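Listed here are the chains, written in short residue letters.
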Amino acid sequence: FLLSTQPSASQISSSFNAFIQRLDGLVPSARPEIVDSFMAAQKGFPVTEDSIANFVYRGSVTSSIVVTGDHTLWSPSGQTLTNVAGTNFYYQSRKFEPDARIDYKFIKDGIWILDPLNGRTVMGGFGPNSDMARPNFVQPPEIQYNPAIPHGTISSFPFTSINTGSTRTIQVYLPPGYALMSRRFPSLYVHDDSDYVSLGSMANVLDNLIDAKKIEPLIVVFVPPGSNRAGEYRQSKITQFSKLMTEELVPYVDSVYHTVAIAAERGTMGSSDGGHISIYLAVNYSGAFGLVGGQSSTITDLFRAPIQNGLKVPVKFYLDVGTYDLSYAGSTFLELNRWLRD
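Structural notes, computed from the coordinates. Bear in mind the structure is a predicted one, so any value in this text is a computation, not a measurement.

1. A closer look at the overall build of the chain
Then comes step 1: Looking only at helices and strands, the chain features 9 helices and 19 strands.
Then comes step 2: Taken along the three principal axes of its C-alpha coordinates, the chain extends 85 × 45 × 35 Å.
Then comes step 3: Sequence separation of 24 or more characterises 69% of the internal contacts of the chain that already satisfy a separation of 6 or more.
Then comes step 4: Here the chain has roughly 17200 Å² of accessible surface; of this, 53% comes from carbon and sulfur atoms.
Then comes step 5: For the chain, the separation between the mean place of its 26 positive charges and that of its 30 negative charges on side chains is 2 Å.

2. Quick notes on the pattern of salt bridges
Two side chains carrying opposite charge are able to pair once their charged atoms lie near each other.
Then comes step 1: This structure, assessed with the given rule, holds 12 salt bridges.
Then comes step 2: Asp192 is paired through a salt bridge with Arg229; the nearest N and O atoms lie 2.7 Å apart. With Asp192 in the loop between strand E13 (187-191) and helix H3 (193-199) and Arg229 in helix H5 (residues 229-234), this residue pair connects regions lying 37 residues apart in the sequence.
Then comes step 3: In this structure Asp192 comes out as buried when scored by relative accessible area, which is 6%.
Then comes step 4: Among the ionic pairs, Arg234 bridges to Asp273, the shortest N-O distance being 2.9 Å. Of the two residues, Arg234 sits in helix H5 while Asp273 sits in helix H7 (residues 273-284), which places them 39 residues apart along the sequence.
Then comes step 5: The exposure class assigned to Arg234 is partly exposed, which follows from its relative accessible area of 21%.
Then comes step 6: Within this structure, Asp192, Arg229, Arg234 and Asp273 form a network of salt bridges that share partners.

3. Focus on the nonpolar core
Then comes step 1: With 35 residues, the main nonpolar core has Tyr189, Met245 and Leu249 as its most contacted residues.
Then comes step 2: Those elements that provide at least two residues to this core are strand E11 (153-161), strand E12 (166-174), strand E14 (219-223), helix H6 (238-256), H7 and helix H9 (333-341).
Then comes step 3: Broken down by element, this core gets its largest block of residues, 7 residues, from H6.
Then comes step 4: When neighbours within four sequence positions are excluded, Leu249 is seen to be in contact with Phe157, Phe159, Ile170, Tyr189, Val221, Val223 and Leu244.
Then comes step 5: In terms of nonpolar packing, the next biggest core, distinct from the first, is built from 15 residues, Val67, Ile102, Tyr104 and Met132 among them.

4. Re the side chain of Asp115
Then comes step 1: If you trace the backbone, Asp115 turns up in the loop between strand E8 (111-113) and strand E9 (121-124).
Then comes step 2: In this structure Asp115 is buried but unpaired, with Arg120 as the nearest side chain of opposite charge at 7.3 Å.
Then comes step 3: In this structure the side chain of Asp115 is engaged in a polar contact, spanning 2.9 Å, whose partner is the backbone nitrogen of Leu117.
Then comes step 4: Those residues within four positions of Asp115 in sequence are excluded, and the remaining contacts are Val56, Tyr104, Phe106 and Ser130.

5. Things to note about the packing of helix H1 (residues 16-24) against helix H2 (residues 31-41)
Two measures define how a pair of helices packs: the angle their axes make with one another and the distance between the axes.
Then comes step 1: Following both chains from N to C, one finds H1 and H2 inclined at 160 degrees, their axes separated by 10 Å at the closest point. Accordingly, the angle class assigned to the pair H1 and H2 is roughly antiparallel. Crossing hand, H1 versus H2: right-handed. Contacts between H1 and H2 involve Phe16, Phe19, Arg22, Leu23 and Asp24 on the former and, on the latter, Arg31, Ile34, Val35 and Phe38.
Then comes step 2: Across the contact of H1 with H2, the residue classes tally to 6 nonpolar, no polar and 3 charged.

6. Regarding the packing of H7 against helix H8 (residues 301-308)
Then comes step 1: Where H7 contacts H8, the two axes come as close as 9 Å, and the packing angle between them is 40 degrees. One way to sum up the angle between H7 and H8 is to call them oblique. Handedness of the H7/H8 crossing: left-handed. The segment H7 lies against H8, with His276, Ile279, Tyr280, Val283 and Asn284 engaging Leu302, Phe303 and Ile307.
Then comes step 2: Among the residues forming the contact of H7 with H8, the class breakdown is 6 nonpolar, 2 polar and no charged.

7. Some details on the pairing of E12
Then comes step 1: Relative to E12, E11 is paired through 9 bridges, and the arrangement is antiparallel. In the strand pairing of E12, Ser155 is matched with Val172.
Then comes step 2: Taken together, E11 and the strand that follows it, E12, pair antiparallel across an intervening segment of 4 residues, in which Gly165 is found at a positive phi of about 65 degrees.
Then comes step 3: By the bridge criterion, 3 bridges tie E12 to E14 in an arrangement that is antiparallel. Within the sheet, the bridge partner assigned to Gln171 lies in E14 and is Phe222.

8. Looking at the sheet that holds strand E1 (residues 47-49)
Then comes step 1: Pairing within the open sheet is antiparallel, and its 4 strands lie in the order E1-E2-E6-E5. In the strand order of this sheet, the two ends are held by E1 and strand E5 (82-83), each with one partner.
Then comes step 2: Examined bridge by bridge, strand E2 (residues 52-58) and strand E6 (residues 89-95) share 7 bridges and lie antiparallel to one another. In the strand pairing of E6, Phe55 is matched with Gln92.
Then comes step 3: Across the sheet, H1 lies against E1, E2 and E6, angled at about 145 degrees from E6, the strand it touches most.

9. Description of unusual backbone geometry
Then comes step 1: In this model, Phe45 is joined to Pro46 through a cis peptide bond whose omega is -5 degrees.
Then comes step 2: We note that Asp50 has phi near 55 degrees; this positive angle belongs to a residue other than glycine.
Then comes step 3: As for its placement among the helices and strands, Asp50 is situated in the loop between E1 and E2.
Then comes step 4: Assessed through its relative accessible area of 75%, Asp50 is described here as exposed.
Then comes step 5: One non-glycine residue, Lys213, adopts positive backbone phi at about 60 degrees.

Procedures and definitions
Residues numbered from 1 in each chain as written. Predicted model: local features only at pLDDT ≥ 70, side-chain atom pairs only at ≥ 80, totals over all residues. Heavy atoms only, no water. Helix = DSSP H or I, 4+ residues; strand = E, 2+ residues; numbered from the N terminus. Contact = heavy atoms within 4.5 Å. Areas by Shrake-Rupley, 256 points an atom, 1.4 Å probe, with all protein chains shown as cover. Lys, Arg positive; Asp, Glu negative; His and termini not counted. Charge placed at Lys NZ, Arg CZ, Asp CG, Glu CD. Salt bridge = Lys/Arg side-chain N within 4 Å of Asp/Glu carboxyl O. Buried < 20%, exposed > 50% of the residue type's maximum accessible area, 1.4 Å probe, protein only. Core = buried A, V, L, I, M, F, W, Y, C linked by side-chain atoms within 4.5 Å. Polar contact = N/O pair within 3.5 Å; in protein donor to acceptor, adjacent residues only side chain to side chain. Axes fitted to C-alpha atoms, helices over the stretch in contact; angles between N-to-C directions. Parallel < 35°, antiparallel > 145°, perpendicular 65-115°, else oblique. Left-handed = near helix turned anticlockwise from the far one by under 90°. Nonpolar A, V, L, I, M, F, W, Y, C, P; charged D, E, K, R; others polar. Pairing = 2+ DSSP bridges.

Without other data, these values stay purely geometric and don't point to any function.
In structure tokens form, the structure reads like this:
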């Protein structure tokens, strides 16, 4: 019998590191064929094993290719992929928690691209990103539309503010059966409306949680930012926007919808700078909001200083932040939110 000297894909070690070591032991001209076999044997990319995710790119690179994403705080310098000499195979390995999930992209020769080997994408605030989930990550079931349960409705109305001198479209979620019930409901004001409605599938989340009796039925008001989002949420326009919320929008909603018109039954929430304005409102206008949720919130002295100086407010706080979240003023969001929690 004659045995082929070329190993099959199944003969190549499942260990990515062993594969790289095997390539290193070959002359460059023998490497492309081994790479071909390895690539054909893979069931998906990035190549994951144990706690390691191996990002792979195969193709022509003129100057450089890096991987960047949640795990690099989206730094343009990212992590440079290593080229195996004699091939167009590039790789970068990174250790992650077993339940981690990240968005990422490649930057090839200065151009941001999706991972061409990975068909899984997820929409972010700046468009689609490639998606990498470790084996223990569980996709939250409540974001999925369930046709078998009752559904709330979302309507909208234009709202003009004297304080900001602007008109914006407000969206309102009413729980299932709202029109048939005479009771009053707690309310929640959510900033960055379209992100929560579209990217966050919040109507599905509300429907599912209400049906599962994990939360009580509530009215949710989705508030969009104006043209100067940063100004309204944490800079020079924050006072005007706060007055829009507390002196104009809240009274209007309470007059039109069946809300429980007390602070203890009224909350506000948002993410990033939207989390900042939510916490700012709760600290400085606790007579309007008795509940606040901040997701990956920007933390500044606009509310940190009053709290640090001993200010106590009748507010229940919920803080949520990711391990691989962004940074602000030299600290990661994780560090800043842990400080605020303490």
